[in-house]
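Letter by letter, the chains look like this.
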Amino acid sequence: MSSPFVLTDRLPTPAEHRRLAEAVGWSHAFDVSTVPASLAGSVAGVVASAGGQVVGMGRLVGDGVKYFYVQDVAVLPAHQGTGIGKALVRHLLDHVARVAPSTAFVGLFATDEALPLYEREGFTRGDMTGMFRLVEPLGG
């Protein structure tokens, strides 16, 4: 599909986020009840629209000054390969360049399928190892 798209500075709605996450196979990665609060805690967001519907999303989390993390970049499968993912990432990086008062650290975690996209946008594995841990809530 090669339909033109438009980027809008805003976060996806919880319903848009869920639809896109499910479309790319991330259903297991989100607790639907926490998505609204998680989205509200974002530093910035961008959505891509084509044909009157949201077909892609991305957001930044972090402190909004020095440390930023690219989060939840997803494009509907029918629109992948059309430059939307690249445009979303560049838009988020442009946001960082506009708001950061000095050199900012931008990190992310990528699926194997997304590695080429991020490498083309200048992300490297560098000399650091991305790590994560899941922490369960107290009493849960």
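Look a little higher up for the structure.
My aim in this report is to walk through the structure given alongside it, one point at a time. (Residues numbered from 1 in each chain as written. Predicted model: local features only at pLDDT ≥ 70, side-chain atom pairs only at ≥ 80, totals over all residues. Heavy atoms only, no water.)

### Observations regarding the overall build of the chain
Defined as follows: A helix here means a DSSP run of H or I that spans at least four residues, while a strand means a run of E at least two residues long, and both kinds are numbered starting from the N terminus. Three labels apply to residues, based on accessible area from a 1.4 Å probe with only protein chains included: buried if under 20% of the type maximum, exposed if over 50%, partly exposed otherwise in between. Whether two residues are in contact is decided by their heavy atoms: any pair within 4.5 Å suffices. Residue-level accessible areas treat just the shown protein chains as cover; the underlying method is Shrake-Rupley with a 1.4 Å probe. A residue counts as positive if it is Lys or Arg and as negative if it is Asp or Glu; His and the chain ends are not included. To locate a charge, take atom NZ for lysine, CZ for arginine, CG for aspartate or CD for glutamate.
Looking only at helices and strands, the chain features four helices and five strands. Written out in order from the N terminus, the α and β elements of the chain read β-α-α-β-β-β-α-β-α. When each of the 140 residues of the chain is scored for burial, the buried share is 32%. Long-range pairs, those at least 24 residues apart, make up 62% of the contacts in the chain between residues at least 6 apart in sequence. A total of about 8,600 Å² of accessible surface is found on the chain, and carbon and sulfur atoms cover 57% of it. Each charge class in the chain was averaged separately, 11 positive and 13 negative side chains, and the resulting centres sit 4 Å apart.

### Re the nonpolar core
As a reminder of what qualifies: As used in this record, nonpolar core signifies buried Ala, Val, Leu, Ile, Met, Phe, Trp, Tyr and Cys residues forming a set joined through side-chain atoms within 4.5 Å.
Counting 27 residues, the largest nonpolar core has Leu 60, Val 70, Val 73, Leu 88 and Tyr 118 as its most contacted members. Looking at this core, the elements with two or more residues in it are β2 (44-50), β3 (53-62), β4 (67-75), α3 (84-99) and α4 (115-120). With residues near it in sequence (within four places) discarded, Leu 88 still touches Leu 7, Val 46, Val 47, Ala 48, Gly 56, Met 57, Gly 58, Val 73, Ala 74 and Val 75.

### As for the sheet that holds strand β5 (residues 105-108)
We count it as follows: Being paired, for any two strands, means DSSP has found at least two bridges between them. Every axis in this analysis is a line fitted to C-alpha atoms, fitted for helices over the stretch in contact. Angles between the N-to-C directions lie between 0 and 180 degrees.
Strand order in the open sheet formed by five strands is β1-β2-β3-β4-β5, and the pairing between neighbours is mixed. The open sheet is flanked by β1 (6-8) and β5, the only strands paired with a single partner. Neighbour-to-neighbour, the strand axes of the sheet open up by a mean angle of 25°, direction not taken into account. Packing of α3 onto the sheet brings it into contact with β1, β2, β3, β4 and β5, and relative to β4 it is tilted by some 160°.

### Here we look at the packing of aromatic side chains
Our working rule: Each Phe, Tyr or Trp ring, with Trp reduced to its six-membered ring, pairs with another whose centre is within 6.5 Å; inter-plane angles below 30 degrees give stacked pairs, above 60 give edge-to-face pairs, and intermediate values give tilted ones.
Going through the model one piece at a time under the given rule, you end up with five aromatic pairs. Relative to Phe 105, the ring of Tyr 67 has its centre 6.1 Å away and its plane inclined at 55°; by these criteria the two rings are tilted. You can see Tyr 67 sitting in strand β4 and its partner Phe 105 sitting in strand β5, a full 38 residues away along the chain. With relative accessibility at 42%, the residue Tyr 67 sits in the partly exposed group. Measuring from centroid to centroid gives 5.9 Å for Tyr 118 and Phe 123, while their planes differ by 85°, and the two rings are edge-to-face. The exposure class assigned to Tyr 118 is buried, which follows from its relative accessible area of 8%. Through a chain of ring-to-ring contacts, the aromatic side chains of Tyr 67, Tyr 69 and Phe 105 assemble into a single cluster.

### Remarks on α3
Definition in use: Here a helix's expected span is defined as the number of its residues, less one, multiplied by 1.5 Å.
Taking 1.5 Å of rise per residue, 16 residues should cover 22 Å, and α3 covers 23 Å from first to last C-alpha, within 8% of that figure. Within α3 the residues assigned to the buried category are Ile 84, Gly 85, Ala 87, Leu 88, Val 89, Leu 92, His 95 and Val 96. Elements that come into contact with the buried residues of α3 comprise β1, β2, β3, β4, β5 and α4.

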